[in-house]
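Here are the chains, one letter per residue:
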Amino acid sequence: MESIKTTYKSVLTIAGSDSGGCAGIQADIKSISACGAYAASVITATTAQNTQGVTDIHALPVAHLEKQLEAVFSDIDFSAIKIGMLHSCEVIETIASKISEYNAKNIVLDPVMVATSGDVLITEDAIECLKKLFPQVAIITPNHKEAELLIGHAIDQENVEATAKEIGSQFKTSVLLKGGHFGTAEMHDVLYEFPTSKTTVIKNPRVDTTNTHGTGCSLSSSIATFLGKGNDLENAVKKGCSYVNNAITEGKDKVLGKGNGPINHFGL
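Residues numbered from 1 in each chain as written. Predicted model: local features only at pLDDT ≥ 70, side-chain atom pairs only at ≥ 80, totals over all residues. Heavy atoms only, no water.

> Sorry, what's going on with the overall build of the chain here?
The helix and strand inventory of the chain stands at eight helices and nine strands. Against the compact-globule benchmark of 18 Å for 268 residues, the chain has a radius of gyration of 18 Å, which places it among compact chains. Taken over the C-alpha atoms alone, the chain extends approximately 55 × 45 × 40 Å along its principal axes. Counting over 268 residues, the chain shows a buried share of 50%. Looking at the chain, you have 22 positive and 30 negative side-chain charges, and the mean spots of the two groups are 5 Å apart. (Helix = DSSP H or I, 4+ residues; strand = E, 2+ residues; numbered from the N terminus. Rg over C-alpha atoms; globule rule 2.2 N^0.38 Å. Buried < 20%, exposed > 50% of the residue type's maximum accessible area, 1.4 Å probe, protein only. Lys, Arg positive; Asp, Glu negative; His and termini not counted. Charge placed at Lys NZ, Arg CZ, Asp CG, Glu CD.)

Quick look at the structure:
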């Protein structure tokens, strides 16, 4: 009797490598796998990084980036794409061209622009190029500092929902404005869906821990995975937020290295 073949639900992550394994490509692969899909990767840069910080960044040649993209897109039918930190206009334009050429779908873009310390990580030119990519993706997932950089004003409890709508309307994409607790016991993530203008506030318990290294990477890649598995945007976002919150809870008391540890992707 001939066996029945099934096709993997495959998710591609395009991001930088974290040698410490907490964030970037490594966090993406763990999240995609934990959420039930096959993970492939295209690496934009390598970092010398651990739980205490980044000591060196090496950008890969754009020609090699292009070859990676062509290799995977020409062979694998991806259910979704996650895009992480993109450090230059040339890299952004190369990726924009390839996702258009191969009609990529369910694209989740984590616009990594601001470090936890508040330091801006990419140039103003790259930020402007990144904005041009927004209409090509299903959703962007900025934190509050990144959202403030995009929209040009401060965000607080009173204007967070309006700001999510403002960003989505201006850049013609759905937005998950993430990570605000505003002194409460809950985390408030605001989802604005473009073009329907539906706004949803997603609440999860705030976890008291410093083991949150790679949270943004893990959230965006888990959302991409749930989109790739057939969920609509609202449910994919809710499931992604719940997955990450549980992973933070499972890892809150575990120790890895001397700095801020990772979330516990597999509940180990």
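> What is the right way to read the environment of Leu65 from this model?
Within the secondary structure, Leu65 is located in helix H2 (residues 62-73). Along the chain, Leu65 and Thr94 lie 29 residues apart, while their C-alpha atoms are 8.2 Å from each other. For Leu65, the residues in contact, after removing those within four places along its chain, are Val42, Ile43, Thr44, Val91 and Ile95. (Contact = heavy atoms within 4.5 Å.)

> Looking at this structure, I do not really get the pairing of strand S4 (residues 80-83). What am I missing?
The side chains of a regular strand alternate between the sheet's two faces. Every second residue of S4 is oriented toward a common face, with Ala80 and Lys82 on one face and Ile81 and Ile83 on the other, all of them buried. Where strand S1 (residues 10-18) lies against S4, four bridges are found, and the strand directions are parallel. What sits directly across from Thr13, in S4, is Lys82. Both S4 and strand S5 (residues 107-109) contribute to a ladder of three bridges, which runs parallel. By the bridge assignment for S5, Lys82 is matched with Val108. Once you follow S4 into helix H3 (residues 89-101) and on to S5, the crossover reads as right-handed. (Pairing = 2+ DSSP bridges. Right-handed = clockwise from strand over helix to strand, strands pointing away.)

> Would you mind showing me how to read the packing of helix H5 (residues 144-151) against helix H6 (residues 160-171) here?
A packed helix pair is summarised by two numbers, namely the angle formed by the two axes and the spacing between the axes. At a minimum axis distance of 11 Å, the contact between H5 and H6 shows a crossing angle of 55°. Of the possible angle classes, the one that applies to H5 and H6 is oblique. When the axes of H5 and H6 are compared, the crossing they make is left-handed. Of the residues in H6, those in contact with His144, Ala147, Leu150 and Ile151 of H5 are Val160, Thr163, Glu166, Ile167, Gln170 and Phe171. For the contact of H5 with H6, the per-class residue count stands at six nonpolar, three polar and one charged. (Axes fitted to C-alpha atoms, helices over the stretch in contact; angles between N-to-C directions. Parallel < 35°, antiparallel > 145°, perpendicular 65-115°, else oblique. Left-handed = near helix turned anticlockwise from the far one by under 90°. Nonpolar A, V, L, I, M, F, W, Y, C, P; charged D, E, K, R; others polar.)

> Would you mind showing me how to read the state of the cysteines here?
A covalent bond between the sulfur atoms of two cysteines is referred to as a disulfide. The full count for this structure, using the stated rule, is one disulfide. Of the cysteine sulfurs around Cys22, a residue in no disulfide, the closest is that of Cys217, at 10 Å. Judged by its relative accessible area of 1%, Cys22 is buried. Left without a disulfide partner, Cys241 is nearest to the cysteine sulfur of Cys35, which lies 11 Å away. (Disulfide = S-S within 2.5 Å.)

> I would appreciate a short explanation of the side chain of Asn211 in the present structure.
You can see Asn211 is positioned in the loop between strand S9 (198-205) and helix H7 (215-228). With relative accessibility at 6%, the residue Asn211 sits in the buried group. A polar contact of 3.4 Å, which involves the side chain of Asn211, links it to the backbone oxygen of Lys252. Of the polar contacts made by the side chain of Asn211, one reaches the backbone nitrogen of Gly261; its length is 3.1 Å. For Asn211, the residues in contact, after removing those within four places along its chain, are Gly251, Lys252, Asp253, Lys254, Asn260, Gly261, Pro262 and Ile263. (Polar contact = N/O pair within 3.5 Å; in protein donor to acceptor, adjacent residues only side chain to side chain.)

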